[in-house]
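# Understanding the architecture of this molecule
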Amino acid sequence: MSNADRHSVIAQAVREAGQVTVQDLAALTGASEMTIRRDLDVLAGQGVLERVRGGARTLLLRGEEPPFALRAREAVDAKRRIAAEVSSLIADGESVLLDSGTTCLEVARLLRERPVTVMPLSLQAIHVLSDPPGPATLMVPGGRPRAAEGALTGPLTLASLTALRFDTAVIGCCGLSATEGLTAYDLDDAAVKKAGIASSRRIIVVADGGKLGRTAYAHVGPAMLLHTLVTDTTAPADEVSALEGSGTVVKAV
């Protein structure tokens, strides 16, 4: 098992159980206890978990948004497939608003090689699109980055979105359902998503299957606002059918 795979297994185990011992993680991964201790120190430094005597415990409260470093390790293959599908839906020459989040970051890696204009809403995506520069034209909004997330929010971000019009907005989410619509964990993030949707001709939502049927704290808008949902094959069939019934085109990859 590679370091990255082992870290992913450890992060998921701690998140699901709440607290796990070094011995349990060693048995789960087949690694030595010394290796597990080093892994836990690395993951704690990234804000993925908290080190405690004899093991680690989750940093998450019920209903709290998982940290970016943890989400970046989850469903990586699915996110890359989703990103590839999104890229195929975007034509050369389009202006694209790219939301924050780990799936949108994968989209940024692909759009960097395309002759499109992109305004990313996270520091991570800005870095991907600018270093080294590719064929894409980078537009940088104003705003204040959310701590540890890098997502841009605040009056300057909203003003940037209000002043422009985009062909396509690629929007991430924390939860999506046909009945509750699109939701986010953070009120400021929800306001940015609303402004981005209002400034765009076409809305593509990206979400791995685990986010469908889930509802987060801050409401962004009803499902009928979405033109296309790109998800993966783990998406619940009943939720997919309900979204399609509301007029959303669903592509499961």
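Notes on the structure follow. (Residues numbered from 1 in each chain as written. Predicted model: local features only at pLDDT ≥ 70, side-chain atom pairs only at ≥ 80, totals over all residues. Heavy atoms only, no water.)

Moving on, we come to unusual backbone geometry. For the bond from Asp-131 to Pro-132, the omega torsion is -5°, close enough to zero to count as cis. Turning to its location among the elements, Pro-132 is positioned in the loop between α7 (123-130) and β6 (137-138). (Helix = DSSP H or I, 4+ residues; strand = E, 2+ residues; numbered from the N terminus.)

Once that is clear, we can look at the environment of Val-118. Following the sequence through the fold, Val-118 ends up in strand β5 (residues 117-120). Accessibility expressed as a relative area gives 1% for Val-118, which makes it buried. For Val-118 and Gly-30, which are 88 residues apart along the polypeptide, the C-alpha to C-alpha distance reads 43 Å. Look past the residues within four positions of Val-118 in its chain and what remains in contact with it is Val-96, Leu-98, Leu-111, Leu-129, Thr-137, Leu-138 and Met-139. (Buried < 20%, exposed > 50% of the residue type's maximum accessible area, 1.4 Å probe, protein only. Contact = heavy atoms within 4.5 Å.)

This part takes up the nonpolar core. In this structure, Leu-161, Leu-176, Leu-182, Val-205 and Leu-229 are the most contacted members of the largest nonpolar core, which totals 31 residues. Counting residues per element, the ones that place at least two in this core are β9 (166-172), β11 (181-184), α9 (187-198), β12 (200-206), β13 (218-221) and α10 (237-245). Excluding residues that lie within four positions of it along the chain, Val-205 makes contacts with Ile-171, Cys-173, Leu-176, Leu-182, Leu-226, Thr-228, Leu-229 and Val-230. Of all hydrophobic cores here, the second largest spans 21 residues; its members include Ile-82, Ala-83, Val-96 and Ala-108. (Core = buried A, V, L, I, M, F, W, Y, C linked by side-chain atoms within 4.5 Å.)

The N-to-C vectors of helix α1 (residues 3-17) and helix α3 (residues 33-45) enclose an angle of 75°; their axes lie 10 Å apart at closest approach. It follows from the interaxial angle that α1 and α3 lie roughly perpendicular. Within the contact between the two elements, α1 uses Arg-6, His-7 and Ile-10 and α3 uses Thr-35, Ile-36, Asp-39, Leu-40, Val-42 and Leu-43. Across the contact of α1 with α3, the residue classes tally to five nonpolar, two polar and two charged. (Axes fitted to C-alpha atoms, helices over the stretch in contact; angles between N-to-C directions. Parallel < 35°, antiparallel > 145°, perpendicular 65-115°, else oblique. Nonpolar A, V, L, I, M, F, W, Y, C, P; charged D, E, K, R; others polar.)

Here we take up α1. For α1, which comprises 15 residues, the first-to-last C-alpha distance of 21 Å matches the rise-based estimate of 21 Å (1.5 Å per residue) to within 8%. When α1 is considered as a whole, its buried residues turn out to be Arg-6, His-7, Ile-10, Ala-11, Ala-13 and Val-14. The arc that holds the buried residues of α1, viewed along the axis, is 165°, so those residues lie on one side. Near the N-terminus of α1, the side chain that reaches the backbone nitrogen of Asp-5, with its oxygen 3.1 Å away, is that of Ser-2. Two residues or fewer past α1, Gly-18 is found with a positive phi of approximately 90°. (Expected span 1.5 Å × (residues − 1). Arc of directions from axis to C-beta. Polar contact = N/O pair within 3.5 Å; in protein donor to acceptor, adjacent residues only side chain to side chain.)

Along helix α8 (residues 155-162), the residues that are buried comprise Thr-157, Ser-160 and Leu-161. Looking down the long axis of α8, one finds its buried residues gathered within 95° of arc, a one-sided arrangement. Facing away from the buried side of α8 by more than 90 degrees, the exposed set consists of Pro-155, Leu-156 and Thr-162. Looking at the buried side of α8, the elements it contacts are β4 (95-98), β5, β7 (144-145), β8 (152-153), β9 and α9.

In terms of strand pairing, β4 meets β5 through four bridges, oriented parallel. Residue pairing across strands places Val-96 opposite Val-118, the latter belonging to β5. With helix α6 (residues 102-111) bridging β4 and its parallel neighbour β5, the resulting β-α-β unit is right-handed. Pairing of β5 with β6, which is carried by two bridges, proceeds in the parallel orientation. For Val-118, the partnering residue across the bridge sits in β6 and is Leu-138. (Pairing = 2+ DSSP bridges. Right-handed = clockwise from strand over helix to strand, strands pointing away.)

The next thing to look at is the pattern of salt bridges. Here the idea is simple: oppositely charged side chains can pair when their charged atoms come close. Under the defined criterion, the tally for this structure stands at 13 salt bridges. The salt bridge involving Glu-50 is made with Arg-57; its shortest N-O contact spans 2.9 Å. On the accessibility criterion, Glu-50 (29% relative accessible area) is partly exposed. The exposure class of Arg-57 is partly exposed, given its relative accessible area of 35%. (Salt bridge = Lys/Arg side-chain N within 4 Å of Asp/Glu carboxyl O.)

Our next topic: the packing of α1 against helix α2 (residues 22-29). In a pair of packed helices, the angle between the axes and the distance between the axes together describe the arrangement. Orientation of α1 relative to α2, taken along the N-to-C sense of each, is 130°, at an axis distance of 11 Å. It follows from the interaxial angle that α1 and α2 lie oblique. The handedness of the crossing between α1 and α2 comes out as right-handed. In this structure, α1 uses Arg-6, Val-9, Ile-10 and Ala-13 to contact α2, whose residues at the interface are Leu-25, Leu-28 and Thr-29. Along the lines of polarity and charge, the residues of the contact of α1 with α2 split into five nonpolar, one polar and one charged. (Left-handed = near helix turned anticlockwise from the far one by under 90°.)

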